[in-house]
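# Examining the three-dimensional arrangement
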Amino acid sequence: GPVWDRALNGSPFPGLSAFDADRGTVFFGRDLAIAQSIERLRQVGKPEAERTPFLLIIGASGSGKSSLLRAGLLPRLTLPGTIPEIDLWRTAVVMPGPDLFLALAEALLADSALGPELSQSAFAEKTLLAKQLSGDPELAAAPLRVALNQAAERRRAEANFETARASRIALGIDQAERIFTEADPATAASFARLMAVLVKSGLAYVVFAMRSDAYARFQSFEELVALREAGGTLDLVPPSAAELEEIVTRPIEACAPPLAFEQMGGLSLAKKLVADTKGGD
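Model, not experiment: these values are computed from the prediction.

Before going further, it helps to spend a moment on the overall build of the protein. Secondary structure summary: the protein contains 14 helices and nine strands in total. Taking 2.2 N^0.38 as the reference for a compact globule, 281 residues should give roughly 19 Å; the C-alpha atoms of the protein span a radius of gyration of 20 Å, in line with that estimate. Over its C-alpha atoms, taken along the principal directions, the protein stretches across nearly 65 × 50 × 40 Å. Working note: accessible area of the protein is about 13800 Å², and carbon and sulfur atoms make up 53% of it. For the protein, the distance from the average site of its 29 positive side-chain charges to the average site of its 35 negative ones is 1 Å.

This next bit is on the side chain of K65. With respect to the helices and strands, the residue K65 is situated in helix α3 (residues 65-77). Buried K65, no salt bridge; nearest opposite-charge side chain is E177, N-O distance 6.0 Å. Here A60 takes part through its backbone oxygen, which lies 3.0 Å from a polar atom of the side chain of K65. Setting aside anything within four residues of it in sequence, one finds K65 in contact with I57, I58, G59, A60, A209, M210, R211 and L236.

This structure, assessed with the given rule, holds eight aromatic pairs. Members of the aromatic cluster, each reached through a chain of ring pairs, are F54, F180, F208, Y215, F218 and F221. We note R165 situated over the ring of F161; from NZ or CZ to the ring centre the distance is 3.5 Å.

Right, let's talk about helix α8 (residues 142-159) for a bit. Compared with the 26 Å implied by 1.5 Å per residue over 18 residues, the 26 Å span of α8 between its first and last C-alpha is a close match. Among the residues of α8, those classed as buried are P143, L144, A147, L148, A151 and A152. Phi turns positive, to about 60°, at N160, one or two residues after α8.

One open sheet holds the five strands; their spatial order is β3-β4-β5-β2-β6, and the pairing between them is parallel. Every interior strand has two partners, whereas the edge strands, β3 (88-94) and β6 (232-236), have only one. For this sheet the average axis-to-axis angle between neighbouring strands, irrespective of direction, equals 15°. Strand direction decides the pairing type here: strand β2 (residues 54-59) and β6, joined by five bridges, are parallel. Across the sheet, the residue bridging to L56 is T233, located in β6.

Right, let's get into the packing of helix α10 (residues 185-200) against helix α12 (residues 222-230). Packing of α10 against α12 brings their axes to within 8 Å, and their N-to-C directions diverge by 30°. Where α10 crosses over α12, the handedness of that crossing is left-handed. Note on element contacts: α12 touches α10 through E223, L224 and L227, opposite A192, R193, M195, A196, V199 and K200. Classifying every residue of the contact of α10 with α12 gives six nonpolar, no polar and three charged.

Turning our attention to the environment of F208. Mapping F208 onto the fold places it in strand β5 (residues 204-211). Taking the C-alpha atoms as reference points, F208 and F54, 154 residues apart in sequence, are found 8.0 Å from one another. Once residues lying within four places of it in the same chain are set aside, the contact partners of F208 are F54, L55, L56, I57, I173, A176, I179, M195, F218 and L224.

Moving on, we come to the layout of surface pockets. If a probe the size of a water molecule is rolled over the atoms, the empty space left behind becomes visible. Empty space within the largest pocket amounts to approximately 1100 Å³. Every residue lining the largest pocket is counted, 37 residues in all, and those nearest its centre are G15, F19, G62, G64 and S67. Of all the secondary-structure elements, those providing two or more residues to the lining of the largest pocket are α3, β5, α13 (241-253) and α14 (269-277). Its residues placed into classes, the lining of the largest pocket shows 18 nonpolar, eleven polar and eight charged.

Right, let's get into the packing of helix α2 (residues 31-42) against α3. Following both chains from N to C, one finds α2 and α3 inclined at 50°, their axes separated by 10 Å at the closest point. In terms of orientation, α2 lies oblique with respect to α3. Considering how the two elements wind past one another, α2 and α3 form a crossing that is right-handed. Between α2 and α3, the residues in contact are D31, A33, I34, S37, I38 and L41 and L68, G72, L73, R76 and L77, respectively.

The subject of this paragraph is the nonpolar core. In this structure, L171, I173, M195 and F208 are the most contacted members of the largest nonpolar core, which totals 51 residues. At ten residues, the largest contribution of residues to this core is made by α10. When residues no more than four places from it in sequence are discounted, the contact partners of M195 are L104, L171, I173, V206, F208 and L227. With 29 residues, the next largest nonpolar core counts L55, L68, L73 and I83 among its residues.

What follows is about the pattern of salt bridges. If you walk through the whole model with that rule in mind, you get 13 salt bridges. Note that R30 is salt-bridged to E243, the shortest N-O span being 3.9 Å. Placement of R30 in the loop between α1 (6-9) and α2 and of E243 in helix α13 is noted, with a sequence separation of 213 residues between them. On the accessibility criterion, R30 (5% relative accessible area) is buried. Note on E243: relative accessible area 19%, which makes it buried. The salt bridge involving E177 is made with R211; its shortest N-O contact spans 3.7 Å. With E177 in the loop between β4 (167-173) and α9 (178-182) and R211 in strand β5, the pair connects residues that are 34 residues apart, well separated along the chain. Since its relative accessible area comes to 6%, E177 is described here as buried.

Reading the values: rules and limits
Counting restarts for each chain, with residues numbered from 1 along the sequence as it is written. Reporting of local features is limited, given that this is a predicted model, to residues whose pLDDT is at least 70; pairs of side-chain atoms are given and counted only at 80 or more, and all residues count toward the totals for whole chains, interfaces and linings. Note that water and hydrogens are dropped before the side-chain values are worked out from all heavy atoms of the structure. Put simply, DSSP marks the helices as runs of H or I at least four residues long and the strands as runs of E at least two long, and each gets a number from the N terminus on. The globule rule is 2.2 Å times the number of residues to the power 0.38, and the radius of gyration it is compared with is taken over C-alpha atoms. Throughout, the Shrake-Rupley method with a 1.4 Å probe supplies accessible areas, and for residues the shown protein chains are the sole cover considered. Positive charges come from Lys and Arg alone, negative charges from Asp and Glu alone, with His and the N- and C-terminal ends not counted. To locate a charge, take NZ of a lysine, CZ of an arginine, CG of an aspartate or CD of a glutamate. We call a residue buried when its accessible area falls under 20% of the maximum for its residue type, exposed when it is over 50%, and partly exposed in between, using a 1.4 Å probe and counting protein chains only. A side-chain nitrogen of Lys or Arg and a carboxyl oxygen of Asp or Glu constitute a salt bridge if their distance falls within 4 Å. Any pair of nitrogen or oxygen atoms within 3.5 Å is treated as a polar contact; in protein, a donor-acceptor pairing is required on top of that, and neighbouring residues in sequence qualify only through side-chain atoms on both sides. Contacts are residue-level and defined by heavy atoms, with any inter-residue pair within 4.5 Å sufficient. Any Phe, Tyr or Trp ring, taking Trp's six-membered ring, that has another such ring centre within 6.5 Å forms a pair; planes under 30 degrees apart are called stacked, those over 60 apart edge-to-face, and the others tilted. Only lysine NZ and arginine CZ atoms are considered, and such an atom sits over a ring when it is within 6 Å of the ring centre and within 35 degrees of the ring normal. How far a helix is expected to stretch is found by multiplying one less than its residue total by 1.5 Å. Two strands form a pair only when DSSP identifies at least two bridges running between them. For helices, the fitted axis covers only the stretch in contact; all axes are lines through C-alpha atoms, and the angles between them, taken along N-to-C directions, range from 0 to 180 degrees. Helix crossings get a hand from a simple test, with the near helix turned counterclockwise from the far one by less than a right angle marking a left-handed crossing and a clockwise turn marking a right-handed one. Residues are grouped as follows: Ala, Val, Leu, Ile, Met, Phe, Trp, Tyr, Cys and Pro are nonpolar; Asp, Glu, Lys and Arg are charged; every other residue, Gly included, is polar. Cavities and pockets are found on a 1 Å grid laid over the protein atoms alone: a cavity is a set of points where a 1.4 Å probe fits but cannot escape, a pocket is an open set with protein on both sides within 12 Å along at least five of seven lines, and a lining residue has an atom within 4 Å of such a point. Grid points are joined across faces, edges and corners, and a volume is the space filled by probe spheres set on the points. Angle categories are assigned with fixed cut-offs, so that under 35 degrees is roughly parallel, over 145 is roughly antiparallel, 65 to 115 is roughly perpendicular, and the rest are oblique. Buried residues of nine kinds, namely Ala, Val, Leu, Ile, Met, Phe, Trp, Tyr and Cys, make up a nonpolar core once their side-chain atoms join them within 4.5 Å.

Here is the structure:
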């Protein structure tokens, strides 16, 4: 199994923060939700399914949407062979704020996304890229298409392929409800149109992780509703008792130097944690 170097990395648990990709090896208890999400995204491109590469993960506050997106789904989605027809992935995770396009530009300029290619273009500066992204959606996607093609060509040369193979951006929108609560309606509408273009043009697989109480606002944007209808939805429920036990115990089992739970009054702290958190936020 995985080994978590506690001397180097500290606790395997991120406290009140979400699990991120750097803790993917100690993210447990959500195998079923990850498998269901992947299966929905695998339907893309199958003629009988007529799906588009969009997934809405919706759940109550505290159900673990951010951790599922960041530490579970995106790392698994971008493994070689998960989506057999895609050879190269670049990953970007956006945390929306008042300036949606600046947040998107920052995510796309990361090294794990299109930073290596965009940094050599006219859009190396985040404010310039944000301005481009906020314009006409079809034109806004152009530098991203060029950068992704450059990444695919570099991959072709390094792997000695005869031709460049399919590449995509894995784009996660974490806490997507902030699109509707922090940005003005006109900006949110422009952002929704850009998401639709990125999905329909074959540039990106887009995953929204959103609180269920924001769904009514989501429905007010016809582009997003159309994406959901043509894509997929995952209703994320709180972890079961068995899943909670994995979440609590397996990161500890992976630690080196080793850790162990205390026993108090004949009761393991691990069992108490599971009992206390079952069904709660």
